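# Residue-level structure breakdown
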Amino acid sequence: GMNINLLRVTENAVLTSFTVQLDNQDLVYKEIGGLPQAAINIYAKITNVAGRKAGQFEDVVTSSYTPEALEVGIQQKSAYQKNVVLQPGIYKIDLVVRDVNSGKTGVIKQGFVVPKYDEGTLSTSTMILASKIEPLAGRLPSGQFVLGSLKVIPNASGEFKQDQPLGIYMQVYNVSIDQATL
């Protein structure tokens, strides 16, 4: 599955965050240097309503386990995230996910709207339902899933089991105190 989250940068620039989640059991693990490894090629093209290209990205993501840990590992999920800054408007993403070892390919096409966050108007980012939210605790903010001083890993399926932690992350913009009521 894939989900899209939107966070304000400026009035005309919105951080558009694409998260892809894969079930490890759907991937083919091949032994490479003694370690079972899966490799997934992720390619995406973002176009605006006029059909003009607004962005694209391509990455190869790997998942590997020790032979002893593979049985547990394939029961888990893998997540990938890419952030693209877009102007307000209507867009479409064409996402192709290909398992390098098996050649199995999946395609997701999804339309989405990037809102205009007006200066001085109370507004919010999208609400992120996360499988994990943890403070960076002094570590450098680099890599995927970093929002400010937190690492936020969205649950792209939006499904949570009863014993699974559920994190909720949202940014609120242009909040002020009502002087009359405080």
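All figures in this text were calculated on a predicted structure; none of them were measured in a lab. (Residues numbered from 1 in each chain as written. Predicted model: local features only at pLDDT ≥ 70, side-chain atom pairs only at ≥ 80, totals over all residues. Heavy atoms only, no water.)

### Description of the nonpolar core
Residues Phe18, Ile46, Phe57, Ile93, Leu95 and Phe112 are the most contacted members of the largest nonpolar core, which totals 34 residues. Those elements that provide at least two residues to this core are strand S1 (2–10), strand S2 (13–23), strand S4 (35–48), strand S6 (77–86), strand S7 (89–99), strand S8 (105–114) and strand S10 (128–135). (Core = buried A, V, L, I, M, F, W, Y, C linked by side-chain atoms within 4.5 Å. Buried < 20%, exposed > 50% of the residue type's maximum accessible area, 1.4 Å probe, protein only. Helix = DSSP H or I, 4+ residues; strand = E, 2+ residues; numbered from the N terminus.)

### Some remarks on the sheet that holds S6
Across the sheet, which stays open at both edges, the 3 strands sit in the order S1-S2-S6 with antiparallel pairing between neighbours. A strand with exactly one partner marks an edge of an open sheet, and here the two such strands are S1 and S6. Ignoring which end each strand starts from, the neighbouring axes of this sheet average 20° apart. (Pairing = 2+ DSSP bridges. Axes fitted to C-alpha atoms, helices over the stretch in contact; angles between N-to-C directions.)

### Focus on the packing of aromatic side chains
For the coordinates displayed, the defined rule picks out 6 aromatic pairs. Measuring from ring centre to ring centre gives 5.6 Å for Phe18 and Phe112, while their planes differ by 80°; the resulting arrangement is edge-to-face. With Phe18 in strand S2 and Phe112 in strand S8, this residue pair connects regions lying 94 residues apart in the sequence. Like Phe112, Phe18 is buried. Ring centres 5.2 Å apart and planes at 70° place the aromatic pair Tyr117 and Tyr173 in the edge-to-face group. Here the residue Tyr117 occupies a position in the loop between S8 and strand S9 (123–124), and Tyr173 occupies one in strand S14 (residues 172–173), the gap between them amounting to 56 residues. In this structure, Tyr117 and Tyr173 share a single accessibility class: buried. (Phe/Tyr/Trp six-rings, centres within 6.5 Å; stacked < 30°, edge-to-face > 60°.)

None of this, on its own, says anything about what the molecule does.
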